[in-house]
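# Close look at the chain arrangement
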There are 2 protein chains.
Amino acid sequence: MLPDQSLHKKARNMALIVHKYGGTSVGSPERIKNVAKRVAKARAEGHDIVVVVSAMSGETNRLVALAHEMQEHPDPRELDVVLSTGEQVTIGLLAMALKDIGVDAKSYTGWQVALKTDTAHTKARIESIDDEKMRADLADGKVVIVAGFQGISSEGDISTLGRGGSDTSAVALAAALKADECQIYTDVDGVYTTDPRVVPEARRMDTVTFEEMIELASLGSKVLQIRSVEFAGKYKVRLRVLSSLQDGGNGTLITFEEDDNMERAAVTGIAFDKNQARINVRGVPDKPGVAYQILGAVADANIEVDMIIQNVGSEGTTDFSFTVPRGDYKQTLEILSERQDSIGAASIDGDDTVCKVSAVGLGMRSHVGVAAKIFRTLAEEGINIQMISTSEIKVSVLIDEKYMELATRVLHKAFDLG
Amino acid sequence: MLPDQSLHKKARNMALIVHKYGGTSVGSPERIKNVAKRVAKARAEGHDIVVVVSAMSGETNRLVALAHEMQEHPDPRELDVVLSTGEQVTIGLLAMALKDIGVDAKSYTGWQVALKTDTAHTKARIESIDDEKMRADLADGKVVIVAGFQGISSEGDISTLGRGGSDTSAVALAAALKADECQIYTDVDGVYTTDPRVVPEARRMDTVTFEEMIELASLGSKVLQIRSVEFAGKYKVRLRVLSSLQDGGNGTLITFEEDDNMERAAVTGIAFDKNQARINVRGVPDKPGVAYQILGAVADANIEVDMIIQNVGSEGTTDFSFTVPRGDYKQTLEILSERQDSIGAASIDGDDTVCKVSAVGLGMRSHVGVAAKIFRTLAEEGINIQMISTSEIKVSVLIDEKYMELATRVLHKAFDLG
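Residues numbered from 1 in each chain as written. Chains lettered and ligands numbered in written order. Predicted model: local features only at pLDDT ≥ 70, side-chain atom pairs only at ≥ 80, totals over all residues. Heavy atoms only, no water.

### Observations concerning the interface of chain A and chain B
Size of an interface, as often reported, equals the accessible area lost when the parts are brought together. To be explicit about the condition: Residue contacts are counted whenever heavy atoms from the two residues lie within 4.5 Å of one another. We define buried area as the total accessible area lost by two parts upon association, computed with a 1.4 Å probe and summed across both. In what follows, salt bridge is the name for a side-chain nitrogen of Lys or Arg lying within 4 Å of a carboxyl oxygen of Asp or Glu. Under this definition, polar contacts are N or O atom pairs within 3.5 Å; protein pairs additionally need one hydrogen-donor-capable and one acceptor-capable atom, and for neighbouring residues in sequence, both atoms have to be side-chain atoms. Think of it this way: any DSSP run of H or I at least four residues long counts as a helix, any run of E at least two long counts as a strand, and we number them from the N terminus. Polar here means any residue outside two lists: the nonpolar Ala, Val, Leu, Ile, Met, Phe, Trp, Tyr, Cys and Pro, and the charged Asp, Glu, Lys and Arg; Gly therefore counts as polar.
Residue-level contacts link 42 residues of chain A with 43 residues of chain B. Between chain A and chain B, the buried area comes to about 3,500 Å², and carbon and sulfur atoms account for 64% of it. Looking at the side of chain A facing chain B, the largest losses of area belong to Met70(A), Met96(A) and Trp111(A), adding up to 22% of the total buried there. Run the count over chain A and chain B and you get four salt bridges. Put simply, Arg62(A) and Glu59(B) hold a salt bridge, and the shortest N to O gap is 3.8 Å. Our count for the contact surface shared by chain A and chain B stands at 14 residue pairs in polar contact (both at pLDDT 80 or more). At the level of elements, α2 (29–44), α3 (59–70), α4 (76–83), α5 (85–100) and β3 (105–108) of chain A are the ones that each hand at least two residues to the side of chain A that touches chain B. In terms of residues, the side of chain A that touches chain B owes the most to one element, α5(A), which gives eleven residues. By residue class, the composition of the side of chain A that touches chain B is 22 nonpolar, nine polar and eleven charged.

And the structure:
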């Protein structure tokens, strides 16, 4: 039989993996115990494990509500003091659950691993992490548990990273520790070609590129916080999305290798977004500066503009259309109506029963005809396209919202994603 | 009109006061707002204020219950990680409540003020505090809020001070800051000559000496954690107990000046304790070592012994009696019954329907006749005294529990405490 020391050394040669579990996965004592079992299993396979956890589901909302009873607009520094307790409770409980099943573990808050951030309370940015203590614990055979979502600011105050910040914490820790992989456990088992609730044939992708993931996330496939994906891209962290509810399965790996592109399909996923409203500003003078006059006023009100189209003008005037989030629809109409005279528009109207459907794929760069196929497919179903916007790896169309599911299904089929 | 700077400097000459509010006083958002108002008032009087708060009532129990769902005996280090969040929530909320009414404030956890402790998790002892940040904030006109009950261990881990530790935190902070006074706000408005629920004529004392307070606390007048009073004595912190529910009133000041004694009454308070059970070991050989034989076995079982009496022997044997907490009565009888032969006792019996009533007073040292007065007063009511024990500043008697209220009332009257 090998002496313990050798076994230990052998384990050291295995992978270092960061696990991240969100609020639903740790939402009850029973679920925390399940997470402990999952971590114990990975540990038993010989891997070094660092676990990042969120607050138990509902806890952050409870704390936010308490804060709002104190102050209409809670002081950001003090709000972070209160909110950060949610993750602190979870790390302690998970460490106990692991010890209870015989796995040595140690918990750390953000400040204890010196996860340093700037001073932008409630939405701080990570600047550095000290991996010394964690490395010592891992070398000691311990599972390291770190509170997500939180850090310590350059002024020594507790800071938080904003909603979904635990994903970013996990990726940042993986980068600092040069982990072999960062595994994000969620309530879905990976990234799909489209929403399986809309298209039952939707297929889980084994891999998705970083760029596609960014587009899919921003288009509504909200599996991961987009900031964490950007972070992973910047630091080349191998990122995987897995189910925390099912056992087995490899989830979806997010890759950063451009070389893969050659073999990729033109379109890898269909995303959709119902949070859209269209504004039309008709008959404006076709001269420089008119776009700024219209969009500047909207931007000043902190309203985000998504798709923008300006038709080629005729007889000295042109039509200008753009989309905004549905919640900002009425305010946008009001802002522009007040300025109708100074803009010199003939009329201002809009529609808040529209939606955006997008085909995403890195392969699009080297393929022609993707847009044409989309237009043909939708035309065959009698779906009218109101607006079109394209980027290097996506084509988006704005259509009547009543066709959203139909459009998604037929496009999913047209690009053989099932 | 004076320039601001002068006004500021004038305020600097006022007192530095530490306030402490327990879990009941901060038990709801409404109550936290009331604490904020009380702190704001003291600040408006020109004082520098440091506030120490406990967890909202019920919160610590909730967290303990969660921990016990993870592990039968929760890991002490991780339990402290979880429990310390209770006070952390309160400090943030109180800072918000103060800012909401225009009082600048800043909160600190135990580690943020470097409240260093040993590594005895869940019952750590304070070793040092760094007052630098707090002094800078006070000089800046801010109210400083510090989480009670918690610190950071010499290993950089979060530690807690045990139940009632927030009182100790407050006294330690007052000592570190050389505060003019440490004010403990509770649900009573001071220390009474006896329990007002038993004797309606009980009177709030304006002052009580440290020694009397120690005796009164240990005898059941549980206004303050005894450890915090000892701490205050060691560092000569001026300690005051006040009501957090009523406005006005000076509470009770705990003094450490021995010079006051000359004018003090012989007896300043009557305490009582129902958590007593008497054990009699009869007819044991009257020889050296027998007390150790009996009490050693009891001490080995971690049972605390309070009053002890050994009668003068006759015919080579003696009777030995002592009291233990009621919850340990049966176990104590069992332990001794098992050893009856080796001890050489004729019989072992006991009584768990007894109580202890004590007269406490620093003036007792220079007065005679206190014990005599107690015995006469109780005799006049037909109350039989089962055991007597005396110290420099107290006389305790063990009596049938049914006479507890009567004995307390008549002694309170006999010593003119009303």
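### With respect to the relation of the copies chain A and chain B
Operational definition: Here the copies were fitted onto each other by least squares, based on C-alpha atoms from residues at pLDDT of at least 70 in both.
For the pair chain A and chain B, the best superposition has an RMSD of 0.1 Å and corresponds to a rotation of 180° with a translation of 0.0 Å parallel to the axis. Taken together, the rotation angle and the small translation identify this as a two-fold axis. Relative to the rotation axis, the C-alpha of Thr85(A) is the closest in chain A, positioned 2.7 Å from it. When you check the interface residues of chain A against chain B, 100% turn up at the interface there too, and the contact is symmetric in its surfaces.

### What to know about the pairing of strand β18 (residues 394–400) of chain A
All names here are of chain A. Defined as follows: To sort residues, take the accessible area from a 1.4 Å probe on protein chains only and compare it with the maximum for the residue type: under 20% means buried, over 50% means exposed, and anything in between is partly exposed. DSSP calls a pair of strands paired once it identifies at least 2 bridges connecting them.
The element β18 is extensively covered by neighbouring structure, given that six of its seven residues are classed as buried. As paired strands, strand β16 (residues 347–360) and β18 are joined by seven bridges and run antiparallel to one another. From the neighbouring strand, Cys-355 faces β18, where its bridge partner is Ile-399. The antiparallel hairpin formed by strand β17 (residues 387–391) and β18 contains two residues in its connecting segment.

### Looking at the sheet that holds β3(A)
All names here are of chain A. Under the convention used in this document: Convention adopted: a line fitted to C-alpha atoms gives each axis, helices being fitted over their contacting stretch, and angles between N-to-C directions are expressed from 0 to 180 degrees.
Spatial strand order, β3-β6-β2-β1-β9-β11-β12-β10: eight strands in an open sheet with mixed pairing. Where the open sheet ends on each side, the last strands, each with one partner, are β3 and β10 (207–209). Mean inter-strand twist for the sheet, computed between neighbouring axes without regard to direction, equals 20°. Bridge count for strand β11 (residues 239–243) against strand β12 (residues 252–255) is three bridges, and the pairing is antiparallel. The partner of Leu-239 across the bridge, within β12, is Ile-254. Across the sheet, α5 lies against β2 (48–53), β3 and β6 (143–147), angled at about 165° from β6, the strand it touches most.

### Quick look at the sheet that holds strand β13 (residues 269–285) of chain A
Residues and elements named next belong to chain A. Read from one edge to the other, the open sheet built from six strands follows the order β14-β15-β13-β16-β18-β17, with strand pairing classed as antiparallel. Lying at the two open borders of the sheet, with one neighbouring strand each, are β14 (308–310) and β17. Strand-to-strand twist across the sheet, computed as the mean angle between neighbouring axes with direction ignored, equals 25°. Two strands pair when backbone bridges link them, and β14 and strand β15 (residues 317–324) are joined in this way by three bridges, in the antiparallel orientation. Within β15, the position partnered with Ile-308 by the bridge is Phe-322. Relative to β15, helix α10 (residues 290–300) is tilted by about 25°, and along the sheet it contacts β13, β14 and β15.

### Considerations on the environment of Glu304(B)
Residues and elements named next belong to chain B. Secondary-structure assignment places Glu-304 in the loop between α10 (290–300) and β14 (308–310). Glu-304 sits in the exposed class, given a relative accessible area of 64%. Considered as a pair, Glu-304 and Pro-325 are 21 residues apart in the sequence and their alpha carbons are 7.1 Å apart. Leaving out residues up to four positions away in the same chain, Glu-304 has contacts with Thr-323, Val-324 and Pro-325.

### Points about helix α7 (residues 165–176) of chain A
Put simply, the rule reads: A helix is expected to span 1.5 Å multiplied by its residue count minus one.
The end-to-end C-alpha separation of α7(A) is 16 Å, in line with the 16 Å expected for twelve residues at 1.5 Å each. Burial within α7(A) is extensive, with ten of its twelve residues counted as buried.

### A few points about the confidence of the model for chain A
We apply this condition: pLDDT expresses, on a scale from 0 to 100, how confident the predictor is about each individual residue.
When the pLDDT values of chain A are averaged, the result is 88; 92% of them are 70 or greater. For this predicted complex, the interface confidence reaches an ipTM of 0.77, while the overall pTM sits at 0.79.

### Observations regarding unusual backbone geometry
Residues and elements named next belong to chain B. Even without a glycine there, the phi angle at Lys-236 is positive, about 50°. Among the structural elements, Lys-236 can be located in the loop between α9 (226–234) and β11 (239–243). Under the relative-accessibility criterion, Lys-236 is labelled exposed at 60%. Positive phi outside glycine occurs at Asn-302, with the angle close to 60°. Residue placement: Asn-302 occurs in the loop between α10 and β14. Exposure remark for Asn-302: the relative accessible area of 71% places this residue in the exposed category.

### Comments concerning the UniProt feature "binding site: ATP" (unreviewed entry) in chain A
All names here are of chain A. Here is the rule we go by: UniProt positions are given in the numbering used here, feature names are shortened, and annotations may be inferred rather than shown by experiment.
The UniProt feature table records "binding site: ATP" (unreviewed entry) at Lys-20, Tyr-21, Gly-22, Gly-23, Thr-186, Asp-187, Tyr-192, Arg-197, Lys-222 and Val-223. Mapped onto the elements of the fold, Tyr-21 is located in strand β1 (residues 16–21). On the basis of relative accessibility, which here comes to 0%, the residue Tyr-21 falls in the buried class. Not counting residues within four places of it along the chain, the set of residues in contact with Tyr-21 comprises Val-26, Val-35, Arg-38, Val-39, Val-51, Val-52, Val-53, Ser-54, Tyr-185 and Ser-244.

### Observations concerning the pairing of strand β17 (residues 387–391) of chain B
Inspection of the sheet shows β17(B) paired to strand β18 (residues 394–400) of chain B by five bridges, in the antiparallel sense. What sits directly across from Ser389(B), in β18(B), is Ser396(B).

### Focus on the side chain of Ser159(B)
All names here are of chain B. Topologically, Ser-159 is positioned in strand β8 (residues 158–160). A distance of 2.7 Å separates polar atoms of two side chains, one belonging to Ser-159 and the other to Thr-117. When sequence neighbours within four positions are dropped, the list of residues in contact with Ser-159 reads Asp-80, Thr-117, His-121, Ala-124, Phe-149, Gln-150, Gly-151, Ile-152 and Ser-153.

### Let's talk about the environment of Val113(A)
Residue and element names in this part refer to chain A. When you line up the elements, Val-113 lands in the loop between β3 and β4 (116–117). Between the C-alpha atom of Val-113 and that of Gly-165, which follows or precedes it by 52 residues, the distance is 16 Å. Residues contacting Val-113, with those up to four places away along its chain left out, are Tyr-108, Ile-129, Asp-130, Met-134 and Val-146.

### Comments concerning the packing of aromatic side chains
Rule in force here: Aromatic pairs are defined between Phe, Tyr and Trp rings, using the six-membered ring for Trp, whenever the two ring centres lie within 6.5 Å; interplanar angles under 30 degrees are classed as stacked, those over 60 as edge-to-face, and all others as tilted. Throughout this description, the term charge over a ring refers to an Arg CZ or Lys NZ atom that lies within 6 Å of the ring centre and within 35 degrees of the ring normal.
Scanning the model with the defined rule gives seven aromatic pairs over all chains in all. Look at Tyr21(A) and Tyr185(A): their rings are 4.7 Å apart centre to centre, the planes differ by 15°, and that puts the pair in the stacked class. In this pair, Tyr21(A) sits in strand β1 while Tyr185(A) sits in strand β9 (residues 181–186), placing the two residues 164 residues apart along the sequence. For the pair shown, Tyr21(A) and Tyr185(A) are each scored as buried. We note Arg77(A) situated over the ring of Tyr108(B); from NZ or CZ to the ring centre the distance is 5.7 Å.

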